[in-house]
Amino acid sequence: MLFEKFINREPLDHKILGDLALKLGKYDKALKHYKKQEYNYFNQDYSVSYEEEDIGGAYFIEEIYEKIIEIYLHEKDYENAVKYCEKQIELDEYKEINKGDSVIQLAEVYELSDKKNKAIDILEDLLKYELGEIDLDPDEDYPKKMYIDACYKLIDILKDTDKNQSQKYMNLAMDMYHKNSQVNLGVKMAGILELQSEFYKKDLQDKQLTRQNLSVDDLKTVEQICINCILASEIYLEENKEEKARSSILEGIQIYEKFNLDNFKLHFDLRYQLAHVDSNTYGNYISDENTYNDYFKAYEILKENNFFDEYKKNIILDELAHYCDCENFELSEQYRNECDYYYIAEYNVENSKKWIVSFVSEYEEAGRRYENCNKYDMAIKCYKKALQNLSGCGIFTEEFYEEELYLDVWDRIYISYSKYKGLCSNIARVYDSKGEYDEAIKYLNMEIDCINKYRDSSDFQSDKYYGFFSIYESIADILNKKSDFENSIKYYLLLIGAFNSPNLDNEISNKYDDIEYLLKLFEEDKINEYILSEEFNINLNNEYMNHMKNLFEELLKIAENTENQQIIEFCREKLYLIKDTPFDI
């Protein structure tokens, strides 16, 4: 039965019944239910409604108001719609939250009821209110967005009847936009830019202008239209409206070409934005070849004009390398080798419009790109810069250790002990690739020290001993490469003991006695004596038997090279013992 789980509810859930009636187009019944729910809210302390498993989550009186206003608008009962919009504004004021959305909704109702002057008055009051909110908290973005939305609504109301006033609100919006270029002010700002461009285009059309008869002022107007198209495209792209972003920038290119403008910087910005939009448009809508050609056209403009924008030059080189990768590997490598990833990282940290910029991850990403190009010195420079910035965040202070558990998920991506460990691993890997083995071992030991010191932190509580000992395995491999066979043997014997433990998959923070005993013997230089003694027995139920076999084989090679008879006999004996054991897959 459809209403079965609501029948015994006291009071009956009129919000649910109202929603059902509204879906069926029964507006009168829906309105009665919503008003009954409103009564319950204020008179029977049901301000937050029922259990989550009953109705899928709590709802608030705002939702009731929204539904009632929707119904009154459908019935064109603007007087009552106004009444409930005003109730919503009163509620916002009571809750001490920004009332911008509610006031704009009220203005829209007045506009529908042919009371445009009333709508304009309350929107102008809203502009003053939002400016006051901005003064109270300059770092809060929402009042700035509401200010833009109010300007947009005023422009929309006045555009056909009072061009000068409409232009005034465009200028106010543009001023707010330029003062807050790093803030996402919402898609309405793109709409304002487009409306301004429409005004400009109409003026040009009325004058019947071509490139030959453009005055200096008219030329500036055409260029401003192109700039508006770029800005609108950027906003649409930020709001994930890729098709609108592409439409805006194509319109800008069309205007530029129609009037045959001669402004290479503007031409570049248009072409670059088109490429940027195409590279962020997913699916089969834009081909890789098309995106490559867009970026190449932008690159050609830069090249013809002495690469006047170093940052975008490097961004384009990286994109060209990506989009021609499958077609022409040699050309892709050429682009990558020309790209200055360190410059990109520095620029992003200092100038990025991203809502969050990591002083760590920008350089880490640059290091990864250089490492992929085998430009090891630059990779190390970037990784070390990331490590320096991470250490500068105070992660090794007592305060951070006490508070790190409470960091939010975004902070933990950029600032954490595991990030420090990962950067040390990256640096060690590059030094290993360069053949600078002592430096590689130094950074691997820094990883081990970090885990040992902060193993009780939330970063390492889920880490396993398996990952911990993989660091020792990297050291053993490097010692072998540098022909330090004595120490290499010592590390391999530690690894054999560790991978023989049934506790290898347990968390390192728990300090299992057998593994901690092995580490103690290793530090006291007694690991060889213990592993080679009769006291050490192979665990034949070990799920890492394949890995054990590999360790014995590597150790046997070293022993044969150094003619270490004791190790040779030990390895052969153990390999014979496990040869018929079912190995892990």
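Small disclaimer: the values here were computed from a predicted structure and weren't measured.

Chemist: How do you make sense of the overall build of the protein chain when you look at a structure like this?
Modeler: What the protein chain contains, in helices and strands, is 29 helices and zero strands. Counting only contacts in the protein chain whose residues sit at least 6 apart along the sequence, the fraction spanning at least 24 positions is 63%.

Chemist: I'm lost on the side chain of Asp149 in this one. Help?
Modeler: Among the structural elements, Asp149 can be located in helix α8 (residues 142–158). Leaving out residues up to four positions away in the same chain, Asp149 has contacts with Ile104 and Lys188.

Chemist: Looking at this structure, I do not really get the nonpolar core. What am I missing?
Modeler: Nonpolar side chains in soluble globular proteins tend to end up buried together. Residues Ile316, Phe468, Phe469, Tyr472 and Phe552 are the most contacted members of the largest nonpolar core, which totals 99 residues. Beyond its immediate sequence surroundings of up to four residues, Phe552 is in contact with Ile496, Ile538, Phe570, Cys571, Lys574, Leu575 and Ile578. Counting 61 residues, the second largest nonpolar core, distinct from the first, contains Leu91, Ala119, Ile155 and Tyr236.

Chemist: Got a minute to help me understand the packing of aromatic side chains in this structure?
Modeler: We describe a pair of aromatic rings using the distance from one ring centre to the other and the angle between the two ring planes. Summed over the entire model, instances satisfying the criterion amount to 28 aromatic pairs. Consider the rings of Tyr65 and Tyr84, whose centres lie 5.7 Å apart with planes at 65°: the pair is edge-to-face. In this pair, Tyr65 sits in helix α4 (residues 61–74) while Tyr84 sits in helix α5 (residues 78–95), placing the two residues 19 residues apart along the sequence. Pair check on accessibility: Tyr65 and Tyr84 agree, each one buried. For the ring pair Phe468 and Phe469, a centre distance of 5.4 Å and an interplane angle of 80° mean the geometry is edge-to-face. For the residue pair Phe468 and Phe469, the accessibility class agrees, reading buried in each case.

Chemist: I would appreciate a short explanation of the environment of Ile395 in the present structure.
Modeler: The topology assignment puts Ile395 in the loop between α19 (376–392) and α20 (398–403). For Ile395, a relative accessible area of 0% puts it in the buried group. Residues Ile395 and Tyr417, spaced 22 residues apart in sequence, show a C-alpha to C-alpha distance of 7.2 Å.

Chemist: What is the right way to read the pattern of salt bridges from this model?
Modeler: Across all of its chains, the model carries 40 salt bridges by this definition. With its nearest N and O atoms 3.8 Å apart, the salt bridge here joins Asp269 to Lys312. Here Asp269 is found in helix α13 (residues 264–279), whereas its partner Lys312 is found in helix α15 (residues 310–323), with 43 residues between them in sequence. Given the relative accessible area of 28%, Asp269 is considered partly exposed. For Asp525, the salt bridge goes to Lys490, with nearest N and O atoms at 3.4 Å.

Chemist: Help me understand the packing of helix α23 (residues 437–454) against helix α24 (residues 465–481), please; the structure alone is not making it clear to me.
Modeler: Two numbers describe a pair of packed helices, the interaxial angle and the distance between the axes. Put simply, α23 and α24 touch, their axes get as near as 10 Å, and they point 165° apart. Relative to α24, the element α23 is oriented roughly antiparallel. Taken as a pair, α23 and α24 cross one another with a handedness that is left-handed. Residue-level contacts link Tyr437, Ala440, Ile441, Leu444, Asn445, Glu447, Ile448, Ile451 and Asn452 of α23 to Phe468, Ile471, Tyr472, Ser474, Ile475, Ile478, Leu479 and Lys481 of α24. Classifying every residue of the contact of α23 with α24 gives 12 nonpolar, three polar and two charged.

Chemist: What should I look at first to understand the packing of helix α6 (residues 100–112) against helix α7 (residues 116–136) in this one?
Modeler: Viewed as axis vectors pointing N to C, α6 and α7 meet at an angle of 165°, and their least axial separation amounts to 8 Å. Between α6 and α7, the crossing angle belongs to the class labelled roughly antiparallel. As α6 packs across α7, the resulting crossing turns out to be left-handed. Residue-level contacts link Gly100, Val103, Ile104, Leu106, Ala107, Tyr110 and Glu111 of α6 to Lys116, Lys118, Ala119, Ile122, Leu123, Leu126 and Glu130 of α7. In terms of residue class, the contact of α6 with α7 is built from nine nonpolar, one polar and four charged.

Chemist: What's the story with helix α14 (residues 288–304) in this structure? I'm lost.
Modeler: Helical geometry note: an α-helix holds 3.6 residues per turn, so side chains three or four residues apart project in the same direction. Taking 1.5 Å per residue as the helical rise, α14 with its 17 residues ought to reach 24 Å, and the 24 Å between its terminal C-alpha atoms agrees with that figure. Along α14, the positions that sit buried rather than exposed are Thr291, Tyr292, Asp294, Tyr295, Ala298, Tyr299, Ile301 and Leu302. In this structure, the buried side of α14 is in contact with α13, α15 and α16 (329–338). A positive phi of about 60° marks Asn306, the residue just after α14.

Chemist: Can you help me understand unusual backbone geometry in this one?
Modeler: Excluding glycine, residues mostly carry a negative phi; peptide bonds, for their part, are mostly trans. For Asn260, which is not a glycine, the phi torsion comes out positive at approximately 50°. Residue placement: Asn260 occurs in the loop between α12 (242–258) and α13. The backbone phi angle of Glu563 is positive, close to 55°, even though this residue is not glycine. With respect to the helices and strands, Glu563 occurs in the loop between α28 (545–562) and α29 (565–578).

Chemist: Just to check I follow, could you spell out the environment of Ser247 for this structure?
Modeler: Considering the arrangement of structural elements, one finds Ser247 in helix α12. Relative accessible area serves as the criterion here: at 47%, Ser247 is assigned to the partly exposed category. Placed 11 residues apart in sequence, Ser247 and Tyr236 show a C-alpha to C-alpha distance of 9.9 Å.

Criteria and thresholds
- Residues numbered from 1 in each chain as written.
- Predicted model: local features only at pLDDT ≥ 70, side-chain atom pairs only at ≥ 80, totals over all residues.
- Heavy atoms only, no water.
- Helix = DSSP H or I, 4+ residues; strand = E, 2+ residues; numbered from the N terminus.
- Contact = heavy atoms within 4.5 Å.
- Core = buried A, V, L, I, M, F, W, Y, C linked by side-chain atoms within 4.5 Å.
- Buried < 20%, exposed > 50% of the residue type's maximum accessible area, 1.4 Å probe, protein only.
- Phe/Tyr/Trp six-rings, centres within 6.5 Å; stacked < 30°, edge-to-face > 60°.
- Salt bridge = Lys/Arg side-chain N within 4 Å of Asp/Glu carboxyl O.
- Axes fitted to C-alpha atoms, helices over the stretch in contact; angles between N-to-C directions.
- Parallel < 35°, antiparallel > 145°, perpendicular 65-115°, else oblique.
- Left-handed = near helix turned anticlockwise from the far one by under 90°.
- Nonpolar A, V, L, I, M, F, W, Y, C, P; charged D, E, K, R; others polar.
- Expected span 1.5 Å × (residues − 1).

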